[in-house]
Amino acid sequence: MFYLHLPTPARSRILKFKSRLLYPAVLIFAIWCGAVFRADLAQLSWSAIWATRYAVLLAAALSLLNYLGRAWRWDVYLKALGFHLASRYVVLTFAAGFAFTLSPGKVGEMARARYYQRDHAMPLSVTAAAFFIERLMDVLAMACLALLGLAAASNFNWLLAAAAVMLLGLLVLARAPWYAWQQRFSAGSGEHGGALRRALDSALKTLVSARVLLRPRLALGAFALGLLSWGLEGVGLWLLAQQLAPSVELHLATAIGIYAIAIIAGALSFLPGGLGGTEVVMAALLGAQGVTPASAIMITLVCRVVTLWLAVAIGWLAVAALRQPAVPNFKEA
């Protein structure tokens, strides 16, 4: 950061000023989340939800398994990067990122880096590397799940080919000799390089750490876990459709594909949490399968409550639990 070379008193004043700004910003964001959630709840038919309460609870349970699976993968990433933290602490910090999942592209989930810096002096490049690879594996998993919905549509062959080329390019780029390049760049920039050079050096350090997480065995396991975790939420959508639109024969693979396509569409819209974009696409795809507009909207809203909004609620609970600094409980490998 720009204050790294400032005298200690000046650096302290800047950090205190940033802390004072943080809490009002978090409070405003929390109020906004509550207002949007309330608007979604107002559109639900509570009698229909009560009639299908067991399916709703099961869908929520599948979402919880999704969160736990991804938290486990996050713990594996941190261990691979040399940080062996207490499991409860890792789960809490991972869940705390959900409080900011409504940020565009979910970049707000990087807020968990604050806890690692505060409690364990973990470099930002480590958290950024794990976050980057986590997002990459999620995108790959969701893309593969979306193929279940696109498999029968030959007009999407060009999209699949483009995705394969982009994936290959990312893997080649990620396996580049970033460490050697970063060492040469750091040696050339010296201690007093400009802000741009320091930013580039930090980016290279992030890519060095990310390369560790792309070792074949680790990457394959992380991808498989992402596939399973996100697939569970697709199963939740299928269960809801079975109960809220029983007259429509919706296959499990189709439902999982619809869920994945809708989530990807929402992410590409860069709207907070994909709000609006995800719902429109999900309802439209359900309608294309013969679900009535009213039922499609109801299924979509309930699905978003037990996936997106459940995660946001858990995230704020985790933020509250992490208000106090943790007692260091780790060792660096």
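Residues numbered from 1 in each chain as written. Predicted model: local features only at pLDDT ≥ 70, side-chain atom pairs only at ≥ 80, totals over all residues. Heavy atoms only, no water.

Colleague: Please clarify how the overall build of the protein should be interpreted in this entry.
Modeller: Per the secondary structure count, the protein includes 13 helices and 2 strands. Pairs at least 24 residues apart make up 75% of the contacts formed inside the protein by residues separated by at least 6 positions. (Helix = DSSP H or I, 4+ residues; strand = E, 2+ residues; numbered from the N terminus. Contact = heavy atoms within 4.5 Å.)

Colleague: Any chance you could explain the nonpolar core here in plain terms?
Modeller: Soluble globular proteins tend to pack their nonpolar side chains together in the buried interior. Of all hydrophobic cores here, the largest spans 37 residues; its most connected members are Trp74, Leu85, Ile133 and Met137. Taken together, the elements giving at least two residues each to this core come down to helix H3 (53-80), strand E1 (83-85), helix H4 (87-96), helix H5 (112-120), helix H6 (124-150), helix H10 (216-244) and helix H13 (293-321). Counting residues per element, this core draws most heavily on H6, which supplies 8 residues. Beyond its immediate sequence surroundings of up to four residues, Trp74 is in contact with Val90, Phe94, Arg112, Tyr116, Thr127, Ala130, Phe131 and Glu134. By size, the runner-up hydrophobic cluster in this structure holds 32 residues, among which are Met142, Leu240, Val248 and Cys303. (Core = buried A, V, L, I, M, F, W, Y, C linked by side-chain atoms within 4.5 Å. Buried < 20%, exposed > 50% of the residue type's maximum accessible area, 1.4 Å probe, protein only.)

Colleague: Would you take a moment to explain the confidence of the model for the protein for this structure?
Modeller: Close inspection of predicted coordinates is inappropriate for parts of the model with low pLDDT. Within the protein, residue pLDDT values average 77, and 63% of them lie at 70 or more. With pLDDT under 50 throughout, residues 1-19 is counted as low confidence; its partners more than four residues away or in other chains account for 13 contacts. (pLDDT = per-residue confidence, 0-100.)

Colleague: I tried to follow the environment of Val302 on my own but got confused; where do I start?
Modeller: Looking at the secondary structure, you find Val302 in helix H13. A residue is classified by how much of its surface remains accessible, and Val302, at 3% relative accessible area, is buried.

Colleague: So what exactly am I meant to see when it comes to the packing of aromatic side chains here?
Modeller: What describes a pair of aromatic rings is the distance from one ring centre to the other and the angle between the planes of the rings. Under the defined criterion, the tally for this structure stands at 6 aromatic pairs. For the pair Tyr67 and Phe98, a centre-to-centre distance of 5.2 Å together with 55° between the ring planes defines the contact as tilted. One end of the pair, Tyr67, is in helix H3; the other, Phe98, is in the loop between H4 and H5, with 31 residues separating them in the sequence. In this structure, Tyr67 and Phe98 share a single accessibility class: buried. Residues Tyr89 and Tyr116 carry aromatic rings whose centres are separated by 6.0 Å and whose planes lie at 70° to one another, so their mutual orientation is edge-to-face. Of this pair, Tyr89 sits in helix H4 while Tyr116 sits in helix H5, placing them 27 residues apart in sequence. The burial state of Tyr89 is the same as that of Tyr116; both residues are buried. (Phe/Tyr/Trp six-rings, centres within 6.5 Å; stacked < 30°, edge-to-face > 60°.)

Colleague: Which parts of the structure should I look at to understand the pattern of salt bridges?
Modeller: Side chains that differ in sign of charge can pair as their charged atoms come close. Here the structure, examined in full by the defined rule, presents 9 salt bridges. In this structure, the salt-bridge partner of Asp75 is Lys79, at a minimum N-O distance of 2.8 Å. A residue pair is termed a helical-turn pair when its members lie 3 or 4 positions apart in one helix, as Asp75 and Lys79 do in helix H3 at 4 residues. Accessibility expressed as a relative area gives 10% for Asp75, which makes it buried. On the basis of relative accessible area, Lys79 is assigned to the partly exposed category, the value being 32%. Arg112 is the salt-bridge partner of Glu134, the closest N and O atoms lying 3.5 Å from each other. (Salt bridge = Lys/Arg side-chain N within 4 Å of Asp/Glu carboxyl O.)

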